[in-house]
Amino acid sequence: MNILLTGGTGYIASHTAVVLSSLGYKVFLYDNLSNSKRQVVTQIKKITGSAVTFIKGDIRDSDRIVRLLKRKKIEAVIHFAGLKAVGHSVDRPIDYFDNNVAGTVSLVRAMNLANVKTMVFSSSATVYGNPTYLPLDEIHPKLAVNPYGRTKLHIEELLQDVSDADAEWNISCLRYFNPIGAHESGFIGEEPSDRPNNLMPYLVQVALGDLPYLRVFGGDYPTPDGTGIRDYVHVMDIADGHVAALDFLSKNGGWHALNLGTGSGCSVFELVRIFEETNQCQISAKVVERRPGDVAESYACVEKAYTKLGWRAKRTIPDMCYSAWHFRKNRVV
Ligand code: NAD
Ligand code: UFG
């Protein structure tokens, strides 16, 4: 089966490409390289032993995508491409809506014209906003609190309308919780181009000595140790979730929203402790002010993904900490 991955050289897409390619899918990576590097393609080949095709391009170039979908006989698209920094989205909402929402309109238009009507979309737990109850299930109110989150919500709504209007469309919106970790080979992983915003890449840079200490955003949350709780999920489990979603869509039409998480929460202090134990290192950490917009606690109800997709996250927090560190150490030697 021929699959197009938009945002194909990015963090989550590259791990998904490895799994798909290993299973015999023919994988095409489409990316404008705004937040990733072309070398990822070589790294994927090192892992899988088989070539994936890279095409440099933007999802807003609808005509180009129509030609690509037809020429390469694509049967399904996994749509990862998007801007994802919450803070930047507050400063640059127009760029975020243009890239993420207008970009998806352009992609879906192209898919319609090429008669390719199966899509798995990278959504986010951010669509839920502040939890009104936990665990977050898929019917929890959608109260996204920043422009990035609202782009994900608008895209989900667009895709639902597309599916309502044309029964030939099959769409899964996968709401990832907090993907971290890397492929066990250490050849691919998360490589933010700027100073990291997210906890794991920041932690890794502190461990490397590139940053002096971890700023723990808030030590007075109503959680057992006072720090924020999240549902960290291994990026390779997330990758497996996409294969399960493609399989599901081959048998089921319509629009579906599904959480991808482990179902368990882990605090910042717990993650730091497990990282230190697993990787035999010391992390300096200082509690600072809460980060605006952060919620105290967020974790997924994962029953729907299990019932519909037969998917459950298998890997542990030590697996996530080990692989993230192994990847970054490999990059500096
Ligand atoms: P990433 O930045 O590593 O990957 C996104 C890729 O999309 C990048 O390679 C970038 O160059 C490309 N891209 C951006 N705009 C494009 C455009 N207009 N045309 C073509 N390519 C474009 O991010 P990631 O962490 O791999 O995230 C993938 C998707 O998952 C994103 O949509 C993100 O919003 C979503 N998501 C990520 C997380 C997370 O914590 N990483 C959580 C929830 C949802
Ligand atoms: N944190 C720190 N110090 C840091 C970075 C983070 O203490 O330097 C804390 C945060 O306050 C939070 C936890 O670590 O309690 C996780 O923060 P991240 O920034 O790693 O992740 P978020 O849960 O804030 O957001 C991430 C993605 C969003 C996505 C969301 C849900 O950045 O894009 O998960 O999937 F929407």
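Here we summarise the structure given alongside this text. (Residues numbered from 1 in each chain as written. Chains lettered and ligands numbered in written order. Predicted model: local features only at pLDDT ≥ 70, side-chain atom pairs only at ≥ 80, totals over all residues. Heavy atoms only, no water.)

Observations concerning the sheet that holds strand E2 (residues 26-31)
One key point about sheets: their strands pair by backbone hydrogen bonds, in either a parallel or an antiparallel sense.
Line of reasoning, step 1. Read from one edge of the open sheet, seven strands run E3-E2-E1-E4-E5-E6-E11, paired in parallel fashion. Looking along the sheet, the strands with just one partner apiece sit at the ends: strand E3 (53-56) and strand E11 (254-260). Across the sheet, the axes of successive neighbouring strands diverge by a mean angle of 20 degrees, strand direction being ignored.
Line of reasoning, step 2. Note: strand E5 (residues 118-124) against strand E6 (residues 170-176), seven bridges, orientation parallel. Counted as the bridge partner of Thr 118 is Asn 170 from E6. (Pairing = 2+ DSSP bridges. Helix = DSSP H or I, 4+ residues; strand = E, 2+ residues; numbered from the N terminus. Axes fitted to C-alpha atoms, helices over the stretch in contact; angles between N-to-C directions.)

What to know about the site of ligand 2
Line of reasoning, step 1. Close contacts around ligand 2 come from 22 residues, with Ser 124, Phe 177, Asn 198, Arg 230 and Asp 294 the closest.
Line of reasoning, step 2. For ligand 2, an oxygen atom lies 3.4 Å from a polar atom in the side chain of Ser 124.
Line of reasoning, step 3. Here ligand 2 loses 89% of its free accessible area of 690 Å² to cover by the protein chains.
Line of reasoning, step 4. The element that contributes the greatest number of residues to the shell around ligand 2 is strand E8 (residues 214-217), accounting for four residues. (Near = heavy atom within 4 Å. Polar contact = N/O pair within 3.5 Å; in protein donor to acceptor, adjacent residues only side chain to side chain. Areas by Shrake-Rupley, 256 points an atom, 1.4 Å probe, with all protein chains shown as cover.)

Describing the state of the cysteines
Line of reasoning, step 1. Going through the model one piece at a time under the given rule, you end up with zero disulfides.
Line of reasoning, step 2. There is no disulfide at Cys 266, and the cysteine sulfur nearest it, in Cys 321, is 7.5 Å away.
Line of reasoning, step 3. Take Cys 281: it sits in no disulfide, and the sulfur closest to it among the cysteines is that of Cys 321, at 9.2 Å.
Line of reasoning, step 4. Relative accessible area serves as the criterion here: at 15%, Cys 281 is assigned to the buried category. (Disulfide = S-S within 2.5 Å. Buried < 20%, exposed > 50% of the residue type's maximum accessible area, 1.4 Å probe, protein only.)

Here we look at the packing of helix H1 (residues 11-22) against helix H8 (residues 235-251)
Line of reasoning, step 1. For the pair H1 and H8, interaxial distance at closest approach is 8 Å and the crossing angle is 60 degrees. Regarding the angle of H1 to H8, the classification is oblique. At the point where H1 passes H8, the crossing takes the right-handed sense. Of the residues in H8, those in contact with Tyr 11, Ile 12, His 15, Thr 16, Val 19 and Leu 20 of H1 are Val 235, Met 236, Ile 238, Ala 239, Asp 240, His 242, Val 243 and Leu 246.
Line of reasoning, step 2. Of the residues assigned to the contact of H1 with H8, the class counts are 10 nonpolar, three polar and one charged. (Parallel < 35°, antiparallel > 145°, perpendicular 65-115°, else oblique. Left-handed = near helix turned anticlockwise from the far one by under 90°. Contact = heavy atoms within 4.5 Å. Nonpolar A, V, L, I, M, F, W, Y, C, P; charged D, E, K, R; others polar.)

Thoughts on the pattern of salt bridges
Line of reasoning, step 1. Following the criterion strictly, the structure yields 16 salt bridges and no others.
Line of reasoning, step 2. Between Asp 237 and Arg 315 there is a salt bridge, with its nearest N and O atoms 2.5 Å apart. Placement of the pair is Asp 237 in helix H8 and Arg 315 in the loop between helix H10 (303-309) and helix H11 (317-332), with a sequence separation of 78 residues.
Line of reasoning, step 3. Residue classification places Asp 237 among the buried positions, given a relative accessible area of 0%.
Line of reasoning, step 4. Notably, a salt bridge pairs Arg 312 with Glu 303, separated by 3.6 Å at the nearest N-O pair.
Line of reasoning, step 5. Assessed through its relative accessible area of 38%, Arg 312 is described here as partly exposed. (Salt bridge = Lys/Arg side-chain N within 4 Å of Asp/Glu carboxyl O.)

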